[in-house]
Amino acid sequence: MADLDVNLTPARYAYTPTDAIVGGETQVQYSTDGTTWKPLRGVTAYGDSGETASFIDQTTIEDNESRYLAGKSDTPDKTFEGYLYPADTDQQNFLSLADQKANVLMSIFWKSGNAVTFIVALGGRVDPETNAESLLSWRVTGKQSGKCKRWSGLTVNSGNGGNGGNI
């Protein structure tokens, strides 16, 4: 890479403020075969998705400042949380897969038309503490395995059914 001894002429870029997009209407789905996608209803959190690289120090004794390269990518630990819907067979199947510590495909669809798909190694399930006025919930831990595939320009179907067939 070139050094930073460059002629820089600062220029202002045009900026028009716009509204951010809220996370509501996000749909989460899972698949065990990559063909049949099942909605995971009741999700309240799904954790970070993506990957970031570690950094490798390439500083030599001749250097007077540290120099780095991006190294191997790693993925975030995942925590899926949701409200317990005992009659929802798709949710109960997902919780069973978590108990088995299975690997599954996950897709997250945002109302922006963007989506992400990744493999996650499920690490088990926790039933969080509750009290008389709290809803029963669940927490599934895992680790994203490999890179995410990112999608854009999707039309997400309305309702609780999801849109797994569009990707």
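Since the model is a prediction, treat every value here as computed from it, not as a measurement.

Enquirer: Explain the pairing of strand S6 (residues 77–83) residue by residue, including any values.
Expert: The side-chain alternation of S6 yields one buried face, formed by Lys 78, Phe 80 and Gly 82, and one unburied face, formed by Asp 77, Thr 79, Glu 81 and Tyr 83. Pairing geometry for strand S3 (residues 43–45) and S6, over 2 bridges, is antiparallel. Across the sheet, residue Ala 45 finds its bridge partner in S6, namely Glu 81. Pairing of S6 with strand S9 (residues 137–151) involves 7 bridges; the strand directions are antiparallel.

Enquirer: Can you break down the confidence of the model for the protein residue by residue, with the values?
Expert: For the protein, the mean per-residue pLDDT works out to 89, and 92% of the residues sit at or above 70. In the model of the protein, strand S5 (residues 68–74) stands out as the element of lowest mean pLDDT, 92, in contrast to helix H1 (residues 89–99), which has the highest, 98. Taken together, the stretch residues 160–167 has pLDDT below 50 and engages in 26 contacts with residues farther than four places along the chain or on a different chain.

Enquirer: Give me the side chain of Thr 117: which residues, what numbers.
Expert: Here Thr 117 lies in strand S8 (residues 115–126). Taking relative accessible area as the criterion, Thr 117 reaches 12% and is therefore assigned buried. For Thr 117, the side chain forms a polar contact with the side chain of Ser 107, separated by 2.9 Å. For Thr 117, the side chain forms a polar contact with the side chain of Trp 151, separated by 3.1 Å.

Enquirer: Got a sec to walk through the packing of aromatic side chains? Specific residues and values, please.
Expert: Tallied over the full model, the rule gives 3 aromatic pairs. Ring centres 6.0 Å apart and planes at 80° place the aromatic pair Phe 80 and Phe 94 in the edge-to-face group. Of this pair, Phe 80 sits in strand S6 while Phe 94 is found in helix H1, placing the two residues 14 residues apart along the sequence. Neither Phe 80 nor Phe 94 differs from the other in exposure class; each is buried. Judged by relative accessible area, Phe 94 falls into the buried class, the value being 0%. Members of the aromatic cluster, connected to one another through ring pairs, are Tyr 30, Phe 80, Phe 94 and Trp 138. The ring of Trp 151 carries the charged tip of Lys 149 above its face, separated from the ring centre by 4.8 Å.

Enquirer: Give me the lowdown on unusual backbone geometry, citing residues and values where you can.
Expert: Although it is not a glycine, Glu 25 adopts a positive phi angle of roughly 75°. Note that Glu 25 resides in the segment before strand S1 (27–31). For Glu 25, a relative accessible area of 60% puts it in the exposed group. The phi angle at Lys 101 is positive, at roughly 55°, despite the residue not being glycine. Tracing the sequence through the fold places Lys 101 in the loop between H1 and strand S7 (103–109). Owing to a relative accessible area of 53%, Lys 101 belongs among the exposed residues under this scheme.

So, how was this worked out
Residues numbered from 1 in each chain as written. Predicted model: local features only at pLDDT ≥ 70, side-chain atom pairs only at ≥ 80, totals over all residues. Heavy atoms only, no water. Buried < 20%, exposed > 50% of the residue type's maximum accessible area, 1.4 Å probe, protein only. Helix = DSSP H or I, 4+ residues; strand = E, 2+ residues; numbered from the N terminus. Pairing = 2+ DSSP bridges. pLDDT = per-residue confidence, 0-100. Contact = heavy atoms within 4.5 Å. Polar contact = N/O pair within 3.5 Å; in protein donor to acceptor, adjacent residues only side chain to side chain. Phe/Tyr/Trp six-rings, centres within 6.5 Å; stacked < 30°, edge-to-face > 60°. Lys NZ or Arg CZ within 6 Å of the ring centre and 35° of its normal.

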